[in-house]
Amino acid sequence: MKKTVTRLADGRELIYYDSRDDAVRDAVDRRPLGPVATTSEIRRDPLLGDAVAIASHRQTRTYLPPADQCPLCPSRDGRLSEIPDSGYDVAVFENRFPSLAGDAGRCEVVCFTSDHDASFADLSEEQAALVLDAWTDRTAELAELPQVEQVFVFENRGAEIGVTLGHPHGQIYAYPFVTPRTELMLRSVREHGAETGRNLFDEIVGRETAAGTRVVLESEHWIAFVPYAAHWPYEVHLYPRHRVPDLRALDDAARAEFPRLYLELLKRFDRLFGEGEPPTPYIAAWHQAPFRAAGRDDFALHLELFTVRRTSGKLKFLAGSESGMSVFINDVPPETAAERLREVASE
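Residues numbered from 1 in each chain as written. Predicted model: local features only at pLDDT ≥ 70, side-chain atom pairs only at ≥ 80, totals over all residues. Heavy atoms only, no water.

Attention shifts here to empty space enclosed by the protein. Within the structure shown, the criterion is met by one cavity of 30 Å³ or more. Its volume calculated, the largest cavity comes out at about 30 Å³. For the largest cavity, the full set of lining residues is Phe 120, Trp 135, Phe 154, Glu 155, Tyr 262, Ala 284, Trp 286 and Leu 303. Those elements that place two or more of their residues in the lining of the largest cavity are strand E7 (150-157) and strand E12 (282-287). (1 Å grid on protein atoms, 1.4 Å probe; cavity = no way out; pocket = protein on both sides within 12 Å on 5 of 7 lines; lining within 4 Å. Points joined across faces, edges and corners; volume = space filled by probe spheres on them. Helix = DSSP H or I, 4+ residues; strand = E, 2+ residues; numbered from the N terminus.)

The following block contains the structure:
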């Protein structure tokens, strides 16, 4: 992998990740951009204790542009974009409309490919491996920022999820605090360890492996299963078999095996609802240990992949119970979801 760091016209950082060591990235951003102005602010809810990012500048962000005006495509044929070069393998840049900025954290955009009409599932294993390298490198660099406590790597796909740019891409949020969801996981791990002397993540993976009914696919170094109490109609958790706290700690064997498994999972999601259906909307979220929290070494890196589509032509909406009380109601039994995900395996 070759990494090239440069700057956009308004001073934001842009990083190219290339599979070829002889790649040259010297194109200059020629857009007449002024400095980025953000209003990001973190406020604490005194009742719930969680954090809310107030970011009013995001009201003016780019919203569903036509393909010929996509800001994530390379700069070609006289049209200038966020990527000054005429092509790229993987590109990462600071978000122009960040939810978190300055002392409130940092937000980055990860472009998986220069092909506007592709999806992550269309990538080759080599391309997917390069994306994994980029995710890992960004996690390592953002960990060095003094204001950052946790790094969240994720992809939203589909307008149903709320995606405003159709180009295949993901994001990275570097939070200045430990997120509420991670706090809950750490608390559960601490309480389980105090009661049993064992690691809760290890026990979950062990139970799912032994039961087998919810396992979707597995290999020497990874296992993917629908969790026992899945929140979403189709939800898969992907774990490395050897527990590690974050992407930086994955060994070479797990890294080498990841692209094949992950691409297969994404292809199965696209086959869930049959031919003729639009691409399955999904969120793919990496859960990594906070950098300085107690119990960090007990945390298990894992990816959670889920869709808001519950059946053909119907979405799972977060209505009263989910949105008002955080109590999910799942219409699809996890065992049924796992069986369906096994049925749509590649031949």
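Still to come is the rest of the account.
With that settled, consider the nonpolar core. Membership of the largest hydrophobic core comes to 55 residues, with the highest contact counts inside it found for Phe 120, Trp 135 and Trp 286. It is helix H4 (residues 252-271) that provides the largest number of residues to this core, a total of eight residues. Setting aside anything within four residues of it in sequence, one finds Phe 120 in contact with Phe 112, Ala 128, Val 131, Trp 135, Glu 155, Tyr 262, Leu 263, Leu 266 and Tyr 282. (Core = buried A, V, L, I, M, F, W, Y, C linked by side-chain atoms within 4.5 Å. Buried < 20%, exposed > 50% of the residue type's maximum accessible area, 1.4 Å probe, protein only. Contact = heavy atoms within 4.5 Å.)

Counted according to the given criterion, the structure contains 19 aromatic pairs. For the pair Phe 120 and Trp 135, a centre-to-centre distance of 6.0 Å together with 25° between the ring planes defines the contact as stacked. Linking Phe 120 in the loop between strand E6 (106-111) and helix H1 (125-142) with Trp 135 in helix H1, this pair joins segments that are 15 residues apart in sequence. The class for Trp 135 is buried, based on a relative accessible area of 4%. (Phe/Tyr/Trp six-rings, centres within 6.5 Å; stacked < 30°, edge-to-face > 60°.)

This part covers the pairing of strand E1 (residues 2-7). Note that E1 and strand E2 (residues 13-18) share six bridges and pair antiparallel. Its bridge partner lying in E2, Lys 2 is registered against Asp 18. Where E1 hands over to E2, the hairpin turn is made up of five residues, of which Gly 11 adopts a positive phi near 95°. (Pairing = 2+ DSSP bridges.)

The subject of this paragraph is the environment of Gly 105. Structurally, Gly 105 is set in the loop between strand E5 (90-94) and E6. Spatially, the C-alpha atom of Gly 105 lies 8.8 Å from that of Phe 177, the residues being 72 residues apart in sequence. Setting aside residues up to four positions removed in sequence, Gly 105 forms contacts with Leu 100, Gln 147, Ala 174 and Pro 176.

Scanning the entire structure with this criterion turns up 34 salt bridges. Residues Arg 214 and Glu 335 are paired through a salt bridge, measuring 2.7 Å at the closest nitrogen-oxygen approach. Pair noted here: Arg 214 is in the loop between helix H3 (200-211) and strand E9 (215-218) and Glu 335 is in helix H6 (residues 334-343), with a separation of 121 residues, a long-range link. Of the residues examined, Glu 335 reaches a relative accessible area of 32% and is grouped as partly exposed. Residues Arg 271 and Glu 264 are paired through a salt bridge, measuring 3.9 Å at the closest nitrogen-oxygen approach. Accessibility expressed as a relative area gives 31% for Arg 271, which makes it partly exposed. One salt-bridge network, held together by shared partners, links Lys 3, Arg 7, Glu 13, Glu 94, Arg 106, Glu 108, Asp 137, Arg 138 and Glu 141. (Salt bridge = Lys/Arg side-chain N within 4 Å of Asp/Glu carboxyl O.)

Next up on the list: the sheet that holds E9. One key point about sheets: their strands pair by backbone hydrogen bonds, in either a parallel or an antiparallel sense. Ordered in space as E1-E2-E5-E6-E8-E7-E12-E13-E11-E10-E9, the 11 strands form an open sheet in which the pairing is antiparallel. The open sheet terminates on both sides in strands that have one partner only, identified here as E1 and E9. Looking at each pair of strands side by side, their axes are set apart by 20° on average, direction ignored. With respect to the sheet, helix H2 (residues 180-196) is in contact with E7, E12 and strand E13 (302-307), its orientation differing from that of E13 by roughly 125°. (Axes fitted to C-alpha atoms, helices over the stretch in contact; angles between N-to-C directions.)

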